Amino acid sequence: MSNAETLPDQVVCRSGGLPGPECDQRGRAPVEIITARDVPLGGPRAMTVHRTLPQRQRSLIGPWCFVDHYGPDDVSGSGGMDVAPHPHTGLQTVSWLFDGAIQHIDSGGNAGLVLPGEVNLMTAGRGICHSEVSTDDTTTLHGVQLWLALPETSRHQPEREFEHYAPQAQSFDGGEFLVFLGDLWGQSSPVTTHTPLLGAEFRLDPGASIDLPVNPDFEHGVLVDAGEVAVENVPVPRAGIGYTGTGLTEMRIANLGEDPARIVLLGGEPFTEEIVMWWNFVGRSHEEIVEYRREWESGSDRFGVVEGYVGQGGPGRNAEGLGRLPAPTLPDVEIRARRNPPPHVQGGPEEGSTTDTEASTTA
């Protein structure tokens, strides 16, 4: 959340019209492309992450309100990830790695390694703080960091929870998949979530295609990590998301290239509560955000204390010499709730477009 948002191009392909050489949509569902923007994570030796959510085009997919993709990055010289203790409210953090290892410590007394193919989920509730440091033997970092907005019924819970789960890979003709949250294609994750949702990794062989049964009550986003991937016959750029909205019962995902492909499928029932996001806080009003910041800066018990953080700047300090991250200065204007578009592809027939394949940019 550290840089000003920019508006990427939005490309919409719709069904039922004239096929094009790159986007034959006959008989397929519409797809909205959400491209990533680069964000530096940290200080002078910052990692660059590719952020698709949140942005003006779309703020949430189901309850998924934050999507960062990073790597593969050679961190053998830079030291990798070193994020000093920092706070969260009203959300769950989901860590999913493809390569490397990260040490997690939080103020709920939980400590654990984030490893490839193993999900770590931390529930903030009313308040938590944690640190994230890549291990000394990590030379390559590659993965995604995700947030889930908590509903009103659980966002104030006092418990600081942490769950770990290593799903077994399931094979299909042309690849394999791992379900780390929710239920999909006969597989189920035991990890606790607070609204109906889905998180899964798919690996596709070169030239493979799958028609995946999906829940029509969910909106879905396909985040491309590697490969030449098409969703419903629409090419999706690396680090971008192909969004399909609700109503789809089967999703076609294809690897058009000669190398293996990998995607992360995110979904969930549309999250109908308006949220206010600022820095690491998810709330419902400007006044809540102001209070969260004040309590973090004053060392309030709301967030607790991380015990055992060791950063690259020495015990208890990150590379910039910080023992905890200070909150940024609040803007001079009221922070308003994010109003998410309806759970269907923007630019579709409902909004008066007439061409069958087009690129559009909204202000």
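In this report, the structure presented in the accompanying data block is examined. (Residues numbered from 1 in each chain as written. Predicted model: local features only at pLDDT ≥ 70, side-chain atom pairs only at ≥ 80, totals over all residues. Heavy atoms only, no water.)

1. Thoughts on the overall build of the protein
Then step 1. On a plain count of helices and strands, the protein comes out with 1 helix and 30 strands.
Then step 2. The buried share of the protein, reckoned over its 363 residues, is 54%.
Then step 3. When contacts within the protein are restricted to residue pairs at least 6 apart in sequence, long-range pairs at least 24 apart make up 73% of them.
Then step 4. Of the roughly 14900 Å² that the protein leaves accessible, carbon and sulfur atoms contribute 48%. (Helix = DSSP H or I, 4+ residues; strand = E, 2+ residues; numbered from the N terminus. Buried < 20%, exposed > 50% of the residue type's maximum accessible area, 1.4 Å probe, protein only. Contact = heavy atoms within 4.5 Å. Areas by Shrake-Rupley, 256 points an atom, 1.4 Å probe, with all protein chains shown as cover.)

2. Describing the pattern of salt bridges
Then step 1. Evaluated as defined, the whole model comprises 15 salt bridges.
Then step 2. The shortest N-O distance in the salt bridge between Arg-284 and Glu-273 comes to 2.7 Å. With Arg-284 in the loop between β27 (281-283) and α1 (286-297) and Glu-273 in the loop between β25 (261-268) and β26 (276-278), the pair connects residues that are 11 residues apart, well separated along the chain.
Then step 3. Of the residues examined, Glu-273 reaches a relative accessible area of 26% and is grouped as partly exposed.
Then step 4. Glu-291 is the partner of Arg-294 in a salt bridge, and the nearest nitrogen-oxygen pair spans 2.7 Å. Within this pair, Arg-294 and its partner Glu-291 are both found in helix α1, separated by 3 residues, close to a single helical turn.
Then step 5. By relative accessible area, Arg-294 is classed as partly exposed at 47%.
Then step 6. Residue Glu-291 is classed as partly exposed on the basis of its relative accessible area of 30%.
Then step 7. Through salt bridges with shared partners, one network takes in Glu-152, Arg-155, Glu-273, Arg-284 and Glu-288. (Salt bridge = Lys/Arg side-chain N within 4 Å of Asp/Glu carboxyl O.)

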